[in-house]
Amino acid sequence: MQTPKITAYLKTYCGWSEGVRAIFRKYDLAFEEKDIIKNPAFRWEMEQKSGQPLSPCVEINGTMLADISGAEVEAWMNDNGLLEKNEAPADAPIDSACTDAQHAAMAAGQVGTLKFVG
């Protein structure tokens with residue numbers, strides 16, 4: 001199976017972004033991460049390529065998957081023959097947003113270790 005070229009436009013701290021990262025860890029997939037919070041130029045690049053402002057966005061072998069969850073990335077890659085289905089659980093939720101408490105901590109600049117609640 002050929003290794004896909006993956007570029008992921010993610011937020012530093014975000015439940016959806018962490019879900020995408022969890023899928024890449026689950027399958028041990030190499031990817032280029034472009035943090036759209038730390039580097040606004042990456043946000044602009046993401047918006048130009050995807051045609052919309054919502055994240056995460058993942059580009060796989062030239063195909064842009066816009067505003068997508070980890071579960072959707074996994075399903076798309078399976079459907080397109082880019083990986084073999086793995087029933088092992090991911091190490092983080094792959095289809096959920098941050099909690100209200102996490103959003104409040106981020107807004108207050110008190111971001112440390114994130115704890116995901118199922």
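Residues numbered from 1 in each chain as written. Predicted model: local features only at pLDDT ≥ 70, side-chain atom pairs only at ≥ 80, totals over all residues. Heavy atoms only, no water.

Draft legend 1. Structural detail: the sheet that holds strand E3 (residues 57–60). The mixed open sheet is built from four strands, whose spatial order is E2-E1-E3-E4. Every other strand in the sheet has two partners, leaving strand E2 (32–35) and strand E4 (63–65) as the edge strands with one partner each. Taken pair by pair, the neighbouring strands of this sheet meet at an average axis angle of 15 degrees, ignoring direction. Bridge count between E3 and E4: three bridges; the pairing is antiparallel. (Pairing = 2+ DSSP bridges. Helix = DSSP H or I, 4+ residues; strand = E, 2+ residues; numbered from the N terminus. Axes fitted to C-alpha atoms, helices over the stretch in contact; angles between N-to-C directions.)

Draft legend 2. Local environment of the pattern of salt bridges. Taken as a whole and assessed by the stated rule, the structure comprises nine salt bridges. Glu 59 is the salt-bridge partner of Lys 49, the closest N and O atoms lying 3.0 Å from each other. Taken together, the residues Lys 49 in helix H2 (residues 40–50) and Glu 59 in strand E3 connect sequence positions ten residues apart. Using a relative accessible area of 43% as the deciding quantity, one classes Lys 49 as partly exposed. Bridged by salt links that share partners, the residues Glu 18, Arg 21, Arg 25, Glu 33 and Asp 91 form one connected network. (Salt bridge = Lys/Arg side-chain N within 4 Å of Asp/Glu carboxyl O. Buried < 20%, exposed > 50% of the residue type's maximum accessible area, 1.4 Å probe, protein only.)

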